[in-house]
There are 2 protein chains.
Amino acid sequence: MRSIEIENLDANAFDTFGNVIDFRLSSPRVINQGMCLRFSDLAELGHDPSGRLGVSLFKARLHQLPYVFKMVERHPLGPQTFLPLDGEPFLVIVDEDMGGQPRGHPRAFLTDRYQGINFRRGTWHGVLTPLYGSGLFAVIDWIGVASNVDEFWWPEPWIVGQDSI
Amino acid sequence: MRSIEIENLDANAFDTFGNVIDFRLSSPRVINQGMCLRFSDLAELGHDPSGRLGVSLFKARLHQLPYVFKMVERHPLGPQTFLPLDGEPFLVIVDEDMGGQPRGHPRAFLTDRYQGINFRRGTWHGVLTPLYGSGLFAVIDWIGVASNVDEFWWPEPWIVGQDSI
């Protein structure tokens, strides 16, 4: 099995794939008579105009390291934002596109507490892989009639975090 | 001071004002090879077409009970969704509209763990009032050029949760 090392989630490293949603990366505006800081507009949400954005909840089973996978997917019609609702880290697997297929160099990022992520429209990514906590996430993505998912299966599996146990 | 009792957040009671975002209120679809439940499209996000929806983070100072306020606000151009990122309850103050002003019968709801809310476009509501935790919320609302906030100040304050201490 081909092995992938886990990287800490970093906005620069992740920029190819989407946005890191983290208040520590942004300058706030003070609102509510000084009682609240607003860090505005942290995700690129451009999408196909045949649908609209919606808010959903995902409740995922927890996964364990080392984590083995053979599949990535992408949503051609819109972005997909994941916001963990219990402040627990989760694993984010992505790959670049090359001619309509994943490039074959997937990367695995581990979020920090309170970080969310947004996959830019069409980004190849693994399924939701929480490692701790409730597995409950808010998700913003495209809602519409057309099919919005492509899957790609590698013949051989990848293994993530083999050295972390 | 006029006193307001705290109600537990209930989707039927809150329906006048917006949506309760709670996976326990919805039927899921199984995704990701059985590893994840998807509870889809839980908030009404209709908005003025001169702008778009964005994801922001709000970091609010904690408030304490009893909580005193004189002001509510509303966003005429779009909805506003609040998702607590640490699974802690928060207070939600709302009032109905009557001829362009709040009706003068504000209500105060306390969320359960893992509940978010969405204010329907134009709903009068209090400022963000977390009582516990980090005060960190993901917010989905309208991003655009025009002004998107009306404030209303009552001459006399309201007090919330006077009996809860």
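See the structure above.
Figured I'd write up the structure that's included with this text. Computed from a predicted model, the values in this text were never measured in an experiment. (Residues numbered from 1 in each chain as written. Chains lettered and ligands numbered in written order. Predicted model: local features only at pLDDT ≥ 70, side-chain atom pairs only at ≥ 80, totals over all residues. Heavy atoms only, no water.)

A closer look at the interface of chain B and chain A
Contact with chain B, which involves 48 residues of that partner, is made by 48 residues of chain A. Surface buried jointly by chain B and chain A totals about 3900 Å² across both partners, of which 62% is contributed by carbon and sulfur atoms. By the criterion of area lost to chain A, the three top residues of chain B are Met35(B), Val55(B) and Leu57(B), representing 18% of everything that side buries. On inspection of chain B and its partner chain A, the count reaches 4 salt bridges. The partner of Arg38(B) in a salt bridge is Asp141(A), with the nearest N and O atoms 2.9 Å apart. Inspection of the region where chain B meets chain A yields 20 residue pairs in polar contact (both at pLDDT 80 or more). Here the element with the most residues in the side of chain B that touches chain A is strand S6 (residues 52-60) of chain B; it accounts for 9 residues. Of the residues assigned to the side of chain B that touches chain A, the class counts are 28 nonpolar, 10 polar and 10 charged. The sheet contact formed by strand S6 (residues 52-60) of chain A and strand S5 (residues 36-39) of chain B spans 4 bridges and is antiparallel. What sits directly across from Lys59(A), in S5(B), is Leu37(B). (Contact = heavy atoms within 4.5 Å. Buried area = accessible area lost by both parts, 1.4 Å probe. Salt bridge = Lys/Arg side-chain N within 4 Å of Asp/Glu carboxyl O. Polar contact = N/O pair within 3.5 Å; in protein donor to acceptor, adjacent residues only side chain to side chain. Helix = DSSP H or I, 4+ residues; strand = E, 2+ residues; numbered from the N terminus. Nonpolar A, V, L, I, M, F, W, Y, C, P; charged D, E, K, R; others polar. Pairing = 2+ DSSP bridges.)

Remarks on the nonpolar core
Judged by nonpolar contacts, the single largest core of 28 residues is most densely connected at Leu57(A), Leu83(A), Leu57(B) and Leu83(B). Where this core is concerned, the elements lending two or more residues are S6 and strand S16 (136-143) of chain A together with S6 and strand S16 (136-143) of chain B. Not counting chain neighbours up to four residues away, the residues in contact with Leu57(A) comprise Leu85(A), Leu136(A), Phe137(A), Ala138(A), Ile21(B), Asp22(B), Phe23(B), Leu37(B), Arg38(B), Phe39(B) and Leu42(B). (Core = buried A, V, L, I, M, F, W, Y, C linked by side-chain atoms within 4.5 Å. Buried < 20%, exposed > 50% of the residue type's maximum accessible area, 1.4 Å probe, protein only.)

Re the side chain of Asp86(A)
Positionally, Asp86(A) belongs in the loop between strand S8 (80-84) and strand S9 (90-95). Look at Asp86(A): it is buried, it has no salt bridge, and the nearest opposite charge is Arg113(B) at 7.2 Å. Within the structure, the side chain of Asp86(A) is placed 2.7 Å from the backbone nitrogen of Ser134(A), a separation counted as a polar contact. Those residues in contact with Asp86(A) that sit more than four places away from it in its chain are Gly133(A), Ser134(A), Gly135(A), Leu85(B), Asp86(B), Gly87(B) and Tyr114(B). (Lys, Arg positive; Asp, Glu negative; His and termini not counted.)

Some words on the pattern of salt bridges
This model, assessed by the stated rule, comprises 22 salt bridges over all chains. Residue Arg24(B) is joined to Asp22(B) by a salt bridge in which the shortest nitrogen-to-oxygen separation is 2.9 Å.

Describing the sheet that holds strand S5 (residues 36-39) of chain A
Strands sit in the order S4(A)-S5(A)-S6(B)-S16(B)-S8(B)-S13(B)-S3(B) across an open sheet of 7 strands; the sheet is antiparallel. Lying at the two open borders of the sheet, with one neighbouring strand each, are strand S4 (29-31) of chain A together with strand S3 (18-21) of chain B. Between one strand axis and the next, the sheet turns through 25 degrees on average, direction left out of account. (Axes fitted to C-alpha atoms, helices over the stretch in contact; angles between N-to-C directions.)

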